[in-house]
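Coordinate inspection notes
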Amino acid sequence: MVIDLFGLEADEIRNRFPEVYQHVKMEVKEKIITKDGKEKKVGRDWNNRDYRRLNWWLFGENVPELRKALVGLRRYIATVETMKHRVFQFLDASILPDNKLVAVAIGDAEILGVLSSSTHVVWSLRAGGWLGVGNDPVYVKTQCLDPFPFPNANTIQKQTIRVIAEELDLHRKRVLAEHPHLTLTGLYNVLEMLRAGKKSALA
C-alpha cells in the first residue's frame, strides 16, 4: 500500500488529511538516509530537480500519461517487471501500478490472451533481460511489448482468444483465493512441479 496524493496540493492535504501530511512531510521531505545507514533529518537530496523539491508530497514519477490511459477502464493488464514465470493478469483499475509493474492500459481479454501465449512468452524471454541471483527474466516494455508482432486475427479467432484468456485469469484468481498461502509465482512453481511429474503441494 502506498500514499498517492496525485492531484492534491500541499495545503489541501494538510487541511483535509493532517496525519497523512505530517507522515509524508517527515518521511519524504525531511528525512534522508546517510551512507552508514543512520537517519539524519536535514532535508532530502532532490538531485537539483526543482519539480521534486517543490512537489515533495508526490511520487518521483506520477506517470500522468498512464493515469490518463486508465481513465474509463475497469481493469488493465499487468506483469511484474522481473519474475521467474512470465505471467500477465488483469488488475482492477483502482490499483495504481508502481515502478515494478509493466502496465498495459487495455481491458480487452484478447490482448491478455496474446500476451499470455507461449509465442509471446518465448519472444519476451529472448528480447528481454535477466537479473538477480536466480537470473530471473526482465520484461522490458520497449524490447518485449512495443515491437511484438501481434497476430492479425479474424473476429472468430479474437473471440476464442478472449474466452480462453478470461477463463485463465478467473481460474488463477480462484485458485489463489482457495489457497491464500500461494502467490502467483508459487502457483506457477506448483504447475512446473506437476508438469515434471511431481505431486502437488497445494494442500
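Residues numbered from 1 in each chain as written. Predicted model: local features only at pLDDT ≥ 70, side-chain atom pairs only at ≥ 80, totals over all residues. Heavy atoms only, no water.

**Focus on the sheet that holds strand 3 (residues 75-80)**
- Spatial strand order, 4-3-5: 3 strands in an open sheet with antiparallel pairing. The sheet is open, and its two borders are formed by strand 4 (89-92) and strand 5 (101-104), each paired with just one other strand. Shown here is a sheet whose adjacent strand axes are inclined to one another by a mean of 45 degrees, direction ignored.
- Pairing between strand 3 and strand 5: 4 bridges, direction antiparallel. From the neighbouring strand, threonine 79 faces strand 5, where its bridge partner is valine 102.
- Along the sheet, helix 5 (residues 109-116) makes contact with strand 3, strand 4 and strand 5, crossing strand 3 at roughly 15 degrees. (Pairing = 2+ DSSP bridges. Helix = DSSP H or I, 4+ residues; strand = E, 2+ residues; numbered from the N terminus. Axes fitted to C-alpha atoms, helices over the stretch in contact; angles between N-to-C directions. Contact = heavy atoms within 4.5 Å.)

**Here we look at the packing of helix 5 against helix 8 (residues 155-178)**
- Packing of helix 5 against helix 8 brings their axes to within 7 Å, and their N-to-C directions diverge by 75 degrees. On the basis of their axis angle, the class for helix 5 and helix 8 is roughly perpendicular. Along its contact with helix 5, which presents Ala109, Glu110, Leu112, Gly113, Val114 and Ser116, the element helix 8 presents Lys158, Ile161, Arg162, Ala165, Glu166, Leu168 and Asp169.
- Across the contact of helix 5 with helix 8, the residue classes tally to 6 nonpolar, 2 polar and 5 charged. (Parallel < 35°, antiparallel > 145°, perpendicular 65-115°, else oblique. Nonpolar A, V, L, I, M, F, W, Y, C, P; charged D, E, K, R; others polar.)

**Notes on the nonpolar core**
- Grouped together as the largest cluster of nonpolar side chains are 13 residues, with contacts concentrated most on Ile77, Phe88, Leu112, Leu115 and Tyr139.
- For this core, the elements supplying multiple residues, two or more each, are strand 5 and helix 5.
- With 4 residues, helix 5 is the single largest residue contributor to this core.
- Ignoring any residue separated from it by four or fewer positions in sequence, one finds leucine 115 in contact with Ile77, Phe88, Val104, His120, Val121, Tyr139, Leu145 and Phe150.
- With 9 residues, the next largest nonpolar core counts Leu8, Ala10, Ile13 and Leu58 among its residues. (Core = buried A, V, L, I, M, F, W, Y, C linked by side-chain atoms within 4.5 Å. Buried < 20%, exposed > 50% of the residue type's maximum accessible area, 1.4 Å probe, protein only.)

**Thoughts on the pattern of salt bridges**
- One pass over the structure, following the stated rule, counts 10 salt bridges.
- One connected set of salt bridges, linked through shared partners, spans Asp108, Glu110 and Arg162. (Salt bridge = Lys/Arg side-chain N within 4 Å of Asp/Glu carboxyl O.)

**A closer look at helix 8**
- In a regular helix each residue adds 1.5 Å, so 24 residues correspond to 34 Å; helix 8 covers 35 Å between its end C-alpha atoms and thus fits that length.
- Looking at helix 8, one finds that the buried residues are Ala165, Asp169, Arg172 and Val175.
- Contacts made by the buried residues of helix 8 are with strand 4, helix 5 and helix 9 (184-195).
- The backbone nitrogen of isoleucine 156 has a side-chain oxygen 3.1 Å away, supplied by the residue at the start of helix 8, namely asparagine 154. (Expected span 1.5 Å × (residues − 1). Polar contact = N/O pair within 3.5 Å; in protein donor to acceptor, adjacent residues only side chain to side chain.)

**Considering the side chain of arginine 67**
- Note on placement: arginine 67 falls in helix 4 (residues 64-70).
- One polar contact links arginine 67 to aspartate 4, side chain to side chain, over a distance of 3.0 Å.
- Here arginine 67 is in contact with Asp4, Phe6, Asn62 and Leu96, once residues within four sequence places are set aside.

**Here we look at the side chain of glutamate 110**
- Within the fold, glutamate 110 resides in helix 5.
- On the basis of relative accessibility, which here comes to 9%, the residue glutamate 110 falls in the buried class.
- Once residues lying within four places of it in the same chain are set aside, the contact partners of glutamate 110 are Lys158, Ile161 and Arg162.

**What about the environment of serine 117?**
- Tracing the backbone through its elements, the reader meets serine 117 in the loop between helix 5 and helix 6 (118-127).
- Along the chain, serine 117 and valine 87 lie 30 residues apart, while their C-alpha atoms are 9.7 Å from each other.

**What to know about the packing of aromatic side chains**
- Tallied over the full model, the rule gives 5 aromatic pairs.
- An angle of 85 degrees between the planes, with centres 5.6 Å apart, marks the rings of tryptophan 56 and tryptophan 57 as edge-to-face.
- Given a relative accessible area of 10%, tryptophan 57 falls into the buried group.
- Through a chain of ring-to-ring contacts, the aromatic side chains of Tyr21, Trp56 and Trp57 assemble into a single cluster.
- A cation over an aromatic ring shows up here: arginine 14 above the ring of tyrosine 21, its NZ or CZ 5.9 Å from the ring centre.
- Stacked on the ring of phenylalanine 90, the Lys or Arg arginine 75 has its end atom at 3.6 Å from the ring centre. (Phe/Tyr/Trp six-rings, centres within 6.5 Å; stacked < 30°, edge-to-face > 60°. Lys NZ or Arg CZ within 6 Å of the ring centre and 35° of its normal.)

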